[in-house]
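Here's the letter readout for the chains.
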2 protein chains.
Amino acid sequence: MTVESLPVPEETRRRLDFLVASHALTGVGRLNRLVDGSRAESSAEHSWHLTLTAIALAGEYAPEVTLGRVLTMLAIHDLVEVEAGDVPIYDEQARIDIEAEERLAAERLFGRLPAPQGAELLAAWHEFEDASTPDARFARAVDRLQPLLLHWAGDGSVWAARGVTVEQERRLMSAIEQFWPPLGPIATALIDDAHRRGLLADGPMP
Amino acid sequence: MTVESLPVPEETRRRLDFLVASHALTGVGRLNRLVDGSRAESSAEHSWHLTLTAIALAGEYAPEVTLGRVLTMLAIHDLVEVEAGDVPIYDEQARIDIEAEERLAAERLFGRLPAPQGAELLAAWHEFEDASTPDARFARAVDRLQPLLLHWAGDGSVWAARGVTVEQERRLMSAIEQFWPPLGPIATALIDDAHRRGLLADGPMP
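Residues numbered from 1 in each chain as written. Chains lettered and ligands numbered in written order. Predicted model: local features only at pLDDT ≥ 70, side-chain atom pairs only at ≥ 80, totals over all residues. Heavy atoms only, no water.

Peer 1: Outline the packing of aromatic side chains, supporting the account with residue identities and numerical values.
Peer 2: All names here are of chain A. All chains considered together, the criterion is met by four aromatic pairs over all chains. Summarising the aromatic geometry, the rings of Phe-138 and Trp-180 are spaced 5.3 Å apart at their centres and angled 65 degrees between planes, so their arrangement reads as edge-to-face. Of the two residues, Phe-138 is situated in helix H8 (residues 134-153) and Trp-180 in the loop between helix H10 (166-179) and helix H11 (184-196); the sequence distance between them amounts to 42 residues. Trp-180 matches Phe-138 in its accessibility class, with the two residues each being buried. Sitting over the face of the ring of Phe-128, Arg-140 holds its NZ or CZ atom 5.4 Å from the ring centroid. (Phe/Tyr/Trp six-rings, centres within 6.5 Å; stacked < 30°, edge-to-face > 60°. Helix = DSSP H or I, 4+ residues; strand = E, 2+ residues; numbered from the N terminus. Buried < 20%, exposed > 50% of the residue type's maximum accessible area, 1.4 Å probe, protein only. Lys NZ or Arg CZ within 6 Å of the ring centre and 35° of its normal.)

Peer 1: Please provide a residue-by-residue account of the pairing of strand S1 (residues 29-33) of chain A, values included.
Peer 2: If a strand is regular, its side chains alternate between the two faces of the sheet. Residue and element names in this part refer to chain A. Where S1 meets strand S2 (residues 40-42), two bridges bridge the pair, whose relative direction is antiparallel. Across the sheet, Gly-29 pairs through a bridge with Ser-42, a residue of S2. If you look at the hairpin formed by S1 and S2, you'll find six residues sitting between the two strands, and Gly-37 has a positive phi there, around 75 degrees. (Pairing = 2+ DSSP bridges.)

Peer 1: Give a detailed account of the nonpolar core, specifying residues and quantitative values.
Peer 2: Core analysis: the biggest nonpolar cluster contains 137 residues, and A:Phe138, A:Leu183, B:Phe110, B:Phe138 and B:Leu183 have the highest contact counts within it. Sequence-distant contacts of A:Phe138, that is, excluding residues within four places in its chain, are made with A:Ala54, A:Leu57, A:Ala58, A:Ala62, A:Val65, A:Val70, A:Trp180 and A:Leu183. (Core = buried A, V, L, I, M, F, W, Y, C linked by side-chain atoms within 4.5 Å. Contact = heavy atoms within 4.5 Å.)

Peer 1: Quick rundown of the packing of helix H6 (residues 99-110) of chain B against helix H7 (residues 115-130) of chain B? Include the residues and the values.
Peer 2: Residue and element names in this part refer to chain B. As a packed pair, H6 and H7 sit with axes 9 Å apart at the nearest point and diverge in direction by 155 degrees. Looking at the two axes, H6 sits roughly antiparallel to H7. Crossing hand, H6 versus H7: right-handed. On H7, the residues touching Glu-102, Arg-103, Ala-106, Glu-107 and Phe-110 of H6 are Gly-118, Leu-121, Leu-122, Trp-125, His-126, Glu-129 and Asp-130. (Axes fitted to C-alpha atoms, helices over the stretch in contact; angles between N-to-C directions. Parallel < 35°, antiparallel > 145°, perpendicular 65-115°, else oblique. Left-handed = near helix turned anticlockwise from the far one by under 90°.)

Peer 1: Could you give an account of the relation of the copies chain B and chain A, with specific residues and numbers?
Peer 2: Rotating chain B by 180 degrees and translating it 0.0 Å along the rotation axis places it on chain A, where the RMSD comes to 0.0 Å. Here the two chains are linked by the operation of a two-fold rotation axis. Of every C-alpha in chain B, the one belonging to B:Gly68 sits nearest the axis of rotation, 1.8 Å from it. When you check the interface residues of chain B against chain A, 100% turn up at the interface there too, and the contact is symmetric in its surfaces. (Least-squares fit on C-alpha atoms with pLDDT ≥ 70 in both.)

Written as structure tokens, this is what we have:
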């Protein structure tokens, strides 16, 4: 296909091109598995489940946020992985190393859109990355909470395969309370329960 | 895992239970394939790409809608498939047959949530199904446009495998213009271009 041949306005062509290119996020695999274990969760599925998580929790835990902005940030926050790939949270150095690459990928990807909209979504992406507003901080907390919920609901095999200890998980998940304090007790309850059931190993990080 | 053991408020337990159960939407496959052809797009991925499509098009084509409500409807609209499965749009009789089952599934699924929120999301699901507001009509149009965009961007194999003709596609996609007239010309341009390139066969529906 070639978007250039479509008899629609140039700005619409650019939006359609952005949407087709973005669909490749379905091909980026994450650490989490599907409930049935058949394959890795894709970053597109993770992004969808984040929007659902925000919808389910915002009314009770974050009534002050603007849901449309939160959901927009969650829908676009992983798009850079189309170019840069997903780096698990447990690869802490690799996550630092990839930051510059992700920023360039964001400029290229949102640059496919007409200028005002591309700049607006790039700004929303930076807002999320920098956790610079309440909307972004709630979104960042949700982005940390959702994988924890799935690990807790599963059999702990992701944690076991990475050698994740309860200390490391507590440290990494403390970001949830830092980003959005009302969600902190949920994270603590999930980690404590997973630890009690033996899904998270004792001891400090390896 | 058992959500009952978590030391969080009962309403939070119900929200977490809803979120874990909903994640099964990642296991529901659709007709569309991923860009690399490796597997079927899941309904969770479709839902994510719909939110992205709404974000990309709302500013230009639907500035009057409330984005948070549109994105909420798109994120939840296919959740009933966790119980009822996905029925392709080309199976027109089966789609009518499944409606009652989907309505029951929606009541059960949203009934997992605390009462006020469950009722609110069930109402949003009905609003989408009934296309009873401008927000819902824009969302419905986006739900039709996104698969058309992917078919157009792909190699036409989904259309070919189903024996879909240009007449049938025009008839089914006329809903886009009916739901949201400004998006009609995009649908027409995609279908005409796919027809011109031989991705859609000539002739009336089989």
